Amino acid sequence: MNVQADAVRTLSYAEALREAMDIALGADQRVVLIGEDIGIYGGAFQVTGDLVEKYGEDRVMDMPISELGGAGVAVGAAMTGLRPIFEFQFSDFATLAMEQIVNQAAKVRYMLGGAVSVPLVMRFPAGSGTGAAAQHSQSLEAWFGHVPGLKVVQPATPEDAKGLLLAALEDPDPVMIFEHKLLYKTRGPVPEGAYLTPIGKASLRREGRDLTIVATAIMVQKALEAAEVLAGEGVDAEVIDLRTIRPIDRETVLESVRKTGRLLCVYEAVKTLGIGAEISAMVAESDAFDFLDAPIVRLGGAECPIPYNPDLERAAVPQVADIIAGATDLAQGRT
Amino acid sequence: MNVQADAVRTLSYAEALREAMDIALGADQRVVLIGEDIGIYGGAFQVTGDLVEKYGEDRVMDMPISELGGAGVAVGAAMTGLRPIFEFQFSDFATLAMEQIVNQAAKVRYMLGGAVSVPLVMRFPAGSGTGAAAQHSQSLEAWFGHVPGLKVVQPATPEDAKGLLLAALEDPDPVMIFEHKLLYKTRGPVPEGAYLTPIGKASLRREGRDLTIVATAIMVQKALEAAEVLAGEGVDAEVIDLRTIRPIDRETVLESVRKTGRLLCVYEAVKTLGIGAEISAMVAESDAFDFLDAPIVRLGGAECPIPYNPDLERAAVPQVADIIAGATDLAQGRT
Amino acid sequence: MPDTAAENIPFAVRTYSAEALSEAFRKMLLIRKFEEGAEACYTRGQIHGTMHLSIGQEASAVGACMGLSDADKITSTHRGHGHCIAKGADVARMFAEFFGKETGYCKGRGGSMHIADVAKGNLGANGIVGGGLPIAVGAALAAKRLCTGAVTMCFFGDGANNEGAFHEALNMASVWALPVVFVCENNRYGMSNAVEKSTAVASIADRAPAYSMPGTSVDGNDFSAVAEAVEAAVSSARAGEGPSLVELVTYRWRGHSKSDRNRYRSKEEIAEWMAKDPLAGMSAMLLEHGILSEGDMAEISASVEREIEDAIEYARHSAGPEQAEITRYVYTDLAS
Amino acid sequence: MPDTAAENIPFAVRTYSAEALSEAFRKMLLIRKFEEGAEACYTRGQIHGTMHLSIGQEASAVGACMGLSDADKITSTHRGHGHCIAKGADVARMFAEFFGKETGYCKGRGGSMHIADVAKGNLGANGIVGGGLPIAVGAALAAKRLCTGAVTMCFFGDGANNEGAFHEALNMASVWALPVVFVCENNRYGMSNAVEKSTAVASIADRAPAYSMPGTSVDGNDFSAVAEAVEAAVSSARAGEGPSLVELVTYRWRGHSKSDRNRYRSKEEIAEWMAKDPLAGMSAMLLEHGILSEGDMAEISASVEREIEDAIEYARHSAGPEQAEITRYVYTDLAS
Ligand SMILES: Cc1ncc(C[n+]2csc(CCOP(=O)(O)OP(=O)(O)O)c2C)c(N)n1
Ligand SMILES: Cc1ncc(C[n+]2csc(CCOP(=O)(O)OP(=O)(O)O)c2C)c(N)n1
Ligand SMILES: [Mg+2]
Ligand SMILES: [Mg+2]
């Protein structure tokens, strides 16, 4: 696969993912897509789109509504020569397939002492904001961050969506991609051709001196918006897009905290035991602890299922105003 | 139910759990036990023992090997008048039932605006140390700590095992009890009759001035052992048994850290995103941050599945010597 | 026509009172108008989220519930408005829920995919395909242990029948001989996936022998056929004879949800099924057997339309939840 | 007896060469002695953890694998030692695994419940009941897409047949017409739960029609009957005719695992089944048809015993893994 990027144009996040799959299907006969309604329907979020027309039903496979079995099929196929990309229609349905993801995909290489590997890519439309209520709006990525054997990414831009999907396909181990549903229609520059966005590397999206904001997925966009407003108020925020939940890019986060002395973690998942807990703990047990000028603040989701009512739904996850308020407080906190 | 404790005798942890179920089955016709091999076999870990002989197969129900369905049956029964105690044979098999636990049991009350509740008790033999390898040795409690709607406890002593199980049965909401398998045969004083150990309250197991150790489940016993050794070396450790993972007893932990200025979190689960991450983050964002004299240290499980080889298996989770070493370093750390 | 031989009189006409039949007709019409009203509100942007309409499946919802009382339970699906109305819900509180209001059945927390009416025995729609199957078995277990005499009816789709939960639920219900009726609304598609491509059996009812339970398949658009098949299953459950599987073959006229472009099926197929309109069939039967006149029907229709209009008004004017109450109902308030 | 009509000659004798039959006998004996050796080591405290012995089920493991080559795959279960040996594993590396040694098939990381031999096509035992079912379907999908001509054989127990994974796996294998053979070793119990109490169908093979696939049930202690039924299923899979379900009715002589007190079954029942010893049946058949003499068998038996002794010695003297390598094999080492 050509890892050189060519020209740059604008695509939506969904289009960028589709382009990555198109490249992979075209380049490697072992690549197959498996999922519910990913064929003629084009995917619940139109990510696979018309790929079935180009590659046929043997390469873009609609499966019965059988998430556990389907994930297991993908695991078995990956163990024996295929390169499946498995789409969960909503990340919430991973709850049906935890057995295959956690007990099999994540562990079989280790349990067999390295005799097999599971080059499996799993895609998860995640997050709230679509009015689909508690069973279709969860952010469950932290669970998988707790599981050795898995790699977990959360692209925040179209460019990274494509690059991380292609990197996941090159990876010999199972990679889970959490795609925030509200990002699908967002647009951004996406290089043509094949390129790899490294798994395990955070991205410094904005430099700043006063505090570090570590954000994931859609919160990266919100944090950047907040940072612009904060700049006007004299607060210079550094924004790090974590990109990978497992393994975490420790050094990029620590370096920033050593510089700014203040850390705000922003994520959509339920606050307790979300990724912000790990970021905070990682910093608090590192040498960067000595550079901290104020408590580490987390802005996470409310401690409730995602409600249906749109006002409550918005209130259940951090918004730009919350980030501004949190950052302002933190910047003014004791030194 | 009589909530007064009577005399005190010694029971094993498994016996204490059985006694709690015996009391409940005797006192309330709505209580039923559901699980695999909990009848004539007495449970994989002999926790239900001979209860089926006393209460019959309608109250102590062996179920087919159908964890998702079984958990769903328990949810439906709890919604409509029974008080099921559902035993997962190993906590690892919760991976098959995450759908019912997380999407249904945890959320249905909220999704229905309070119109129903799910008074369901789930029991999970958990943890490593039995040579059963990667799929039978996991510590997955942190996942559930991330899920609003659930309560999660980890009793460390026979007394708490009984008291928390009885408290779980009195609770109108779903409660998950993680029972470390290596604790089943440990013995301790257990009051007779019915009594409730409060869910959401940590227990101060040992007072100390130099550092705070927050431990869960079997790590409580290891931390107490370590504390004795540390005392001989002039390090006075305070040991808190967290007991409940969700909701966390914030105040007990913060108060201790305000006093000692040093915090060591010890837990068996994989370190990354385990409960120690939440404890650390909770402290680091609280006023107790200002009392910290050193980084917050976490001692968690290794970043791998639990290996079969016994030496590796031991090395995969914190041992007494690790706690002593960690506490010694921490106590000597900068002030 | 007093001379007609009994065997030519449909089961429903033979079995139910004129009042009951008239009420069934009214409910079917109410479902149709409710769905049309919901669709209109959705299109106008008054309802957010997504929505799965059951237009075309009215006979199945209402026919199946004929043998149930309020003490009996149902578990429903993402396509659950019809079940909810069939089980006796108030459409005003349903609309209020869709509008996200505090007066809704779920106080605005659940929306269409979680619509429920616990007082009438509806334990709730479910956003998880197959999620209600084991829950129904649990409700049946509770009824059996508590000797309530209640039956639980579990609605699910053809797509759901390929979930592991289906297998586990039917197996347990059978080995424990529980009073539950599994009603599969086979509308030929699980979202875009045709039954022929997803399901390794010609008729879902053919899976019943794998659980040693009776399985029947009937025209789900024929109110009387539905009622007959499901009543038999309910009676047998109530008599302690254990579970049954009933397949109701039907069709959804609208797309799967509001984002469906219908690319997986043809206009002709849709038209063919629209010609088998269950409401038309019901009207014809009631007219033929003199249960209702055209005039009666027009009156019912007018009252149903008013009911829907009033319900939408009620929903619109109800108050939404307080933001401060966002975490209320996560746990039972032990103080209160 | 050259005059015997062909129909009186067992399938196995008609079909396989003397060498193949002798090898099958050797493997059955090897399994028996392996399990006895493992049990002894366990009792002596040389092996830790738990262990599920397949004594009594040797005909099923060896008979089922008769039609497979190394290119064909199997997925196995927690009771997987027999499958592993039947598929051609080296017992020394198996013992080394049980002893937790670096020379073991899993380098000491997996133990009995994860024993595998990927080079011979054994994708591994599984600690999760039913865990291997969808994985087998995936391996069959890969074989079909990559046109390898390989068949996948999926072993599972009667207990596993009530898992949702069973339903989903069989359904998908059927709708996609994949080259997989589902072999249910029905040993009458899932741990302590008797089939009659856990499974709503008289014979597991009766579940095949729910997936429109052939289902057969045979005496799993009769090597020839097993080979005949499974060979047919393998051929049909290889010919592109899709999956089959074969039930092998057998019995485990030992408890479920080492902690079993056998309270759920009677001594008489165990004795009855021990009288149907598959090894005895195999010996009798080979003697009767002049394939092996008593002397041949004694020789094979002696060599098998030596093999087991040597294997245990090998395992004992092998080195264990380095503690520093505890996280090795979690991820592929991209540097190497
Ligand atoms: C476990 C799960 N998988 C997938 C979905 C997405 N989804 C919602 S409805 C549906 C189709 C269900 O088909 P069927 O059971 O036939 O019901 P119908 O929509 O036809 O009424 C799908 C795939 C879901 N909600 N839950
Ligand atoms: C998902 C899961 N549930 C339960 C268990 C515990 N367990 C291990 S083997 C077993 C019985 C399996 O019965 P069966 O499939 O008939 O196989 P057998 O042991 O009889 O060979 C049980 C309950 C498990 N390992 N995995
Ligand atoms: Mg359908
Ligand atoms: Mg068995």
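Residues numbered from 1 in each chain as written. Chains lettered and ligands numbered in written order. Predicted model: local features only at pLDDT ≥ 70, side-chain atom pairs only at ≥ 80, totals over all residues. Heavy atoms only, no water.

**Student:** Quick question: what am I supposed to make of the interface of chain C and chain D here?
**Tutor:** Reports often express the size of an interface as the amount of accessible area lost when the parts come together. Contacts between the two partners involve 20 residues from chain C, matched on the other side by 20 residues from chain D. For the pair chain C and chain D, the summed buried area comes to about 1,500 Å², and 46% of that belongs to carbon and sulfur atoms. Looking at the side of chain C facing chain D, the largest losses of area belong to His167(C), Ala200(C) and Ala210(C), adding up to 35% of the total buried there. At the junction of chain C and chain D, the tally comes to zero salt bridges. Across the chain C-chain D interface, the total number found is 16 residue pairs in polar contact (both at pLDDT 80 or more). If you list the elements that add at least two residues to the side of chain C that touches chain D, you get helix 7 (164–175) and helix 8 (195–198) of chain C. For the side of chain C that touches chain D, the element with the highest residue contribution is helix 7 of chain C, accounting for seven residues. Among the residues making up the side of chain C that touches chain D, the classes are represented as seven nonpolar, nine polar and four charged. (Contact = heavy atoms within 4.5 Å. Buried area = accessible area lost by both parts, 1.4 Å probe. Salt bridge = Lys/Arg side-chain N within 4 Å of Asp/Glu carboxyl O. Polar contact = N/O pair within 3.5 Å; in protein donor to acceptor, adjacent residues only side chain to side chain. Helix = DSSP H or I, 4+ residues; strand = E, 2+ residues; numbered from the N terminus. Nonpolar A, V, L, I, M, F, W, Y, C, P; charged D, E, K, R; others polar.)

**Student:** Explain the interface of chain A and chain B to me, please; I cannot follow it from the model alone.
**Tutor:** Listed per partner, the contact involves 51 residues of chain A and 51 residues of chain B. Together, the buried faces of chain A and chain B total about 4,700 Å²; carbon and sulfur atoms form 61% of this surface. Together, Trp143(A), His146(A) and Leu273(A) form the three largest contributors to the area buried by chain A at its contact with chain B, with a combined 17%. Connecting chain A to chain B are eight salt bridges. The partner of Lys271(B) in a salt bridge is Glu285(A), and the shortest N-O contact between them spans 3.0 Å. Applying the counting criterion to the chain A and chain B interface returns 28 residue pairs in polar contact (both at pLDDT 80 or more). Breaking the side of chain A that touches chain B down by element, the ones donating at least two residues are helix 4 (98–105), helix 5 (108–111), helix 6 (141–145), strand 13 (263–270), helix 10 (275–284) and strand 14 (297–301) of chain A. With seven residues, the single largest contributor to the side of chain A that touches chain B is helix 10 of chain A. Within the side of chain A that touches chain B, the residues separate by chemical class into 28 nonpolar, twelve polar and eleven charged.

**Student:** Just checking my understanding: could you explain the relation of the copies chain A and chain B for this structure?
**Tutor:** The operation linking the two copies of the chain is a rotation about an axis combined with a translation along the axis. Superposition of chain A onto chain B requires a rotation of 180 degrees combined with a translation of 0.0 Å along the rotation axis, giving an RMSD of 0.0 Å. Each copy turns onto its partner about a two-fold axis. Interface overlap between copies is the fraction of interface residues in one copy that are interface residues in the other; for chain A against chain B it reaches 100%, indicating a shared surface. (Least-squares fit on C-alpha atoms with pLDDT ≥ 70 in both.)

**Student:** For this particular structure, what's the right way to read the coordination of the magnesium ion (ligand 4)?
**Tutor:** Where a metal carries four tetrahedral donors, each ideal angle is 109.5 degrees; where it carries six octahedral donors, the ideal angles are 90 or 180 degrees. Residue and element names in this part refer to chain D. Protein coordination at the magnesium ion (ligand 4): the donors are Asp158 (OD), Asn187 (OD1) and Tyr189 (O), at 2.0 to 2.1 Å from the metal. Along the chain, the residues that donate to the magnesium ion (ligand 4) are spaced as D-x28-N-x1-Y. With a gap of 29 residues between them, Asp158 in the loop between strand 2 (152–157) and helix 7 (164–175) and Asn187 in the loop between strand 3 (180–186) and strand 4 (189–190) connect regions that are remote in the sequence. With relative accessibility at 2%, the residue Asp158 sits in the buried group. (Donors = N, O, S within 2.8 Å, 3.2 Å for Na, K, Ca; no water. Buried < 20%, exposed > 50% of the residue type's maximum accessible area, 1.4 Å probe, protein only.)

**Student:** Is there a simple way to think about the site of ligand 1 in this case?
**Tutor:** Residues in close proximity to ligand 1 total 23 residues, the closest being Glu67(A), His78(C), Arg79(C), Gly127(C) and Gly159(C). Near ligand 1, the surrounding residues are drawn from chains A and C. Within the side chain of Asp158(C), one N or O atom sits 3.0 Å away from an oxygen atom of ligand 1. Here an oxygen atom of ligand 1 sits 2.9 Å away from a polar atom, N or O, in the side chain of Asn187(C). Within the shell around ligand 1, the residues separate by chemical class into eight nonpolar, nine polar and six charged. (Near = heavy atom within 4 Å.)

**Student:** How should the site of ligand 2 be read in this particular structure?
**Tutor:** The environment of ligand 2 is formed by 23 residues, the closest being Glu67(B), His78(D), Arg79(D), Gly127(D) and Gly159(D). Near ligand 2, residues from chains B and D are present, making the site a shared one. A distance of 2.8 Å separates an oxygen atom of ligand 2 from a polar atom in the side chain of Arg79(D). Starting from 580 Å² of accessible surface for ligand 2 in isolation, the protein chains cover 97%. A per-class count over the shell around ligand 2 returns eight nonpolar, nine polar and six charged. (Areas by Shrake-Rupley, 256 points an atom, 1.4 Å probe, with all protein chains shown as cover.)

**Student:** Could you clarify how one ought to interpret helix 7 of chain D in this entry?
**Tutor:** Note that an α-helix has 3.6 residues per turn; residues three or four places apart therefore point the same way. All names here are of chain D. Helix length check: helix 7, at twelve residues, gives a terminal C-alpha distance of 17 Å against a target of 16 Å (1.5 Å per residue), a fit within 8%. Within helix 7, the full set of buried residues consists of Gly164, Ala165, Phe166, His167, Glu168, Ala169, Leu170, Asn171, Met172, Ala173 and Ser174. Remark: Ala177 follows helix 7 within two positions and exhibits a positive phi of approximately 50 degrees. (Expected span 1.5 Å × (residues − 1).)

**Student:** What should I look at first to understand the pattern of salt bridges in this one?
**Tutor:** Where charged atoms from two side chains of opposite charge approach closely, those side chains can pair. Taken as a whole, this structure holds 82 salt bridges over all chains when the rule is applied. Note that Arg206(A) is salt-bridged to Asp236(A), the shortest N-O span being 3.2 Å. Taken as a pair, Arg206(A) in strand 9 (residues 203–206) and Asp236(A) in the loop between helix 8 (218–232) and strand 11 (237–241) lie far apart in primary sequence, 30 residues in all. A relative accessible area of 18% places Asp236(A) in the buried class. Two residues, Glu196(D) and Arg188(D), come together in a salt bridge whose shortest N-O distance is 2.7 Å. Classification of Glu196(D) by relative accessible area gives exposed; the value is 53%. Its relative accessible area of 23% is what places Arg188(D) among the partly exposed residues.

**Student:** I keep staring at the sheet that holds strand 13 (residues 263–270) of chain B and nothing clicks. Help me out?
**Tutor:** Two orientations exist for strands paired in a sheet by backbone hydrogen bonds: parallel and antiparallel. Residue and element names in this part refer to chain B. Read across the sheet, five strands follow the order 9-11-10-13-14 without closing on themselves; strand pairing throughout is mixed. The sheet is open, and its two edges are formed by strand 9 (203–206) and strand 14 (297–301), each paired on a single side. Strand-to-strand twist in this sheet, taken as the mean axis angle between neighbours without regard to direction, amounts to 25 degrees. Bridge count between strand 9 and strand 11 (residues 237–241): three bridges; the pairing is antiparallel. Of the residues in strand 11, the one forming a bridge with Ser203 is Asp241. (Pairing = 2+ DSSP bridges. Axes fitted to C-alpha atoms, helices over the stretch in contact; angles between N-to-C directions.)

**Student:** Just to check I follow, could you spell out the packing of aromatic side chains for this structure?
**Tutor:** Taken as a whole and judged by the stated rule, the model has 42 aromatic pairs over all chains. Three or more aromatic residues joined by ring pairs form one cluster here, namely Phe86(A), Phe88(A), Phe124(A), Trp143(A), Phe144(A), Phe178(A), Phe86(B), Phe88(B), Phe124(B), Trp143(B), Phe144(B) and Phe178(B). Over the ring of Trp253(C) we find Arg32(C); its NZ or CZ atom is 4.5 Å from the centre of that ring. (Phe/Tyr/Trp six-rings, centres within 6.5 Å; stacked < 30°, edge-to-face > 60°. Lys NZ or Arg CZ within 6 Å of the ring centre and 35° of its normal.)

**Student:** Please clarify how the sheet that holds strand 1 (residues 73–75) of chain D should be interpreted in this entry.
**Tutor:** Residues and elements named next belong to chain D. In spatial order, the strands read 1-2-3-7-6; together these five strands make up an open sheet with parallel pairing. Of all strands in the sheet, those with a lone pairing partner are strand 1 and strand 6 (215–219), marking the two edges. Adjacent strand axes in the sheet meet at a mean angle of 20 degrees when their direction is disregarded. Summarising the sheet, strand 2 and strand 3 pair through six bridges and their orientation is parallel. Bridge pairing in strand 3 links Phe156 to Cys184. Those strands touched by helix 6 (residues 132–145) are strand 1, strand 2 and strand 3, and its axis lies near 175 degrees from that of strand 2. Contacts from helix 7 reach strand 2, strand 3 and strand 7 (244–249) within the one sheet, and its direction differs from that of strand 3 by about 150 degrees.

**Student:** Got a minute to help me understand the side chain of Glu313(A) in this structure?
**Tutor:** Tracing the chain through its elements places Glu313(A) in helix 11 (residues 310–315). Of the side chains with opposite charge, Arg314(A) comes closest to the buried, unpaired Glu313(A), at an N-O distance of 6.5 Å. Those residues in contact with Glu313(A), other than ones at most four positions away along the chain, are Ser128(A), Gly129(A), Thr130(A), Gly131(A), Ala132(A), Ser137(A), Ile306(A), Pro307(A), Tyr308(A) and His48(C). (Lys, Arg positive; Asp, Glu negative; His and termini not counted.)

**Student:** Got a minute to help me understand the nonpolar core in this structure?
**Tutor:** Counting 341 residues, the largest nonpolar core has Ile101(A), Phe144(A), Ile101(B), Phe144(B), Phe182(C), Phe182(D) and Phe223(D) as the members making the most contacts within it. Every residue in contact with Phe144(B), bar those within four places of it in the chain, is listed here: Ala94(B), Met98(B), Ile101(B), Val102(B), Leu150(B), Val152(B), Met176(B), Phe178(B) and Arg246(B). The next biggest cluster of nonpolar side chains, apart from the first, holds 62 residues, and it includes Ile85(B), Leu169(B), Val175(B) and Ile218(B). (Core = buried A, V, L, I, M, F, W, Y, C linked by side-chain atoms within 4.5 Å.)

**Student:** Can you walk me through the pairing of strand 2 of chain D in this structure?
**Tutor:** Residues in a regular strand project their side chains so that they alternate between the two faces of the sheet. With respect to burial, strand 2 of chain D is a largely interior element, five of its six residues being buried. The β-α-β motif built from strand 2 of chain D, the intervening helix 7 of chain D and the parallel element strand 3 of chain D has right-handed crossover chirality. (Right-handed = clockwise from strand over helix to strand, strands pointing away.)

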